[in-house]
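For reference, the chains in residue letters:
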Amino acid sequence: MKPIKVSLISGSPKPLSSSSGTLLDELKPMLSSRFHVNIHSLNKPSVPEESMESILDSDILIFSFPLYVDGIPSHLLSCLYEMEIYLKRHARPDLTVYAIVNCGFFEGHQALPAIELVKNWCYKVGVSWGQGLGVGGGGMIQSLSGVPDGQGPKKNFSIALNELANHINTCSEGENIFVSPNFPRIGYKIGAEMGWRYQIKNNGLNKKDIGRRLV
Ligand SMILES: Cc1cc2nc3c(=O)[nH]c(=O)nc-3n(C[C@H](O)[C@H](O)[C@H](O)COP(=O)(O)O)c2cc1C
C-alpha cells in the first residue's frame, strides 16, 4: 500500500524553541503509524527550493504557526503565495490541510481569523480544508513539554491535540477547536508581564520602553 505522506510545517520565524514547533512535537506521536512524516520549517519569506516539492507532494499538510496581529505572519504569507503559484501548475485536489495557530492571548479563539485565512487559501488554491485548532496561552506552551500528556495545565491542550489527530488520521474534516491552558488567566498575565520586564532588562532597556513607538 502506498504510504500516506504528511508534512508537519512550523511557520514560526523562530528556527528553534518555538511554541509552534513544540505543538508539532506533541502532535507527532499521536499520528497514525501508516503515515510517512516529514518535518519542515518555514521561517523565512520564501519556501526553500528543496522543500517546495516535498511539501506539495504530501497527502496531508499540518501548518503550526503563531498569530501575528490577528493574522498570518508575513513571511509565512509570502510562502503561501509561492505555494499558490506552484499549485497552479500542479493541481492537488486530494491534498488536505490542517492548521494549528497559537497566540499570546489566553483565549484560543483569538486565532479564528488566521484559521479562516488558511481555510480561504485552501479554497483559492483548490486543496481540501481539514480542521483548525486555536491555542491560547502560547507563552507557556514550551514550559509544558515536560508535563505528562493530559495532566495539570496541559489537560486541555492534550485533549484538543488528540481530537485534531483523530481527524488527521482519518483525513476527515472537523469543526475548529479552541483551547486555553488549565491555569488561572490572572497567573498567566502576571507571568507574561514578568517575562517582558525580564527581557527588557536583558536587552539594556527599561520598563517605559515597552510602550515606545518605533516609528
Ligand atoms: C509581531 C507579533 C505580533 C503578534 N500578534 C499577536 C496577536 O495579534 N494576538 C496574540 O494573541 N498574540 C500575538 N503575538 C504573540 C504570539 O502569537 C505568541 O508569542 C506565540 O506564542 C509565538 O509563537 P512561536 O513561539 O511559535 O513563534 C504576536 C507576536 C509578535 C512577535
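Just so we're clear, the structure is a prediction, and the values are computed from it rather than from any experiment.

Thresholds applied
- Residues numbered from 1 in each chain as written.
- Predicted model: local features only at pLDDT ≥ 70, side-chain atom pairs only at ≥ 80, totals over all residues.
- Helix = DSSP H or I, 4+ residues; strand = E, 2+ residues; numbered from the N terminus.
- Rg over C-alpha atoms; globule rule 2.2 N^0.38 Å.
- Buried ≥ 20, exposed ≤ 12 C-beta atoms within 10 Å, placed from the backbone.
- Contact = placed C-beta atoms within 7 Å.
- Near = placed C-beta within 6 Å.
- Nonpolar A, V, L, I, M, F, W, Y, C, P; charged D, E, K, R; others polar.
- Domains from an automatic or database assignment.

Details of the overall build of the chain
- Across its full length, the chain carries six helices and six strands.
- Along the chain, helices and strands appear, N-terminal first, in the series β-α-β-α-β-α-β-α-β-α-β-α.
- Here the chain has a C-alpha radius of gyration of 18 Å; the compact-globule value for 215 residues is 17 Å, and the two agree.
- Projecting the C-alpha coordinates of the chain onto the three principal axes gives extents of approximately 55 × 45 × 25 Å.
- Relative to its 215 residues, the chain shows a buried fraction of 37%.
- The long-range fraction of contacts in the chain, counting pairs at least 24 apart against all pairs at least 6 apart in sequence, stands at 79%.

Let's talk about the site of the ligand
- Taken together, 17 residues form the shell around the ligand, and within it Ser20, Pro66, Cys103, Gly104 and Gly138 come nearest.
- In the shell around the ligand, the residues fall into six nonpolar, nine polar and two charged.

Some remarks on the domain arrangement of the chain
- With domains assigned, the chain is organised as domain 1 (4–183) and domain 2 (184–215).
- Once you take the C-alpha centre of each, domain 1 and domain 2 turn out to be 28 Å apart.
- Listed as interface residues are six residues of domain 1 and, on the opposing side, six residues of domain 2.
- A breakdown of the residues in the side of domain 1 that touches domain 2 according to their chemical character gives four nonpolar, two polar and no charged.

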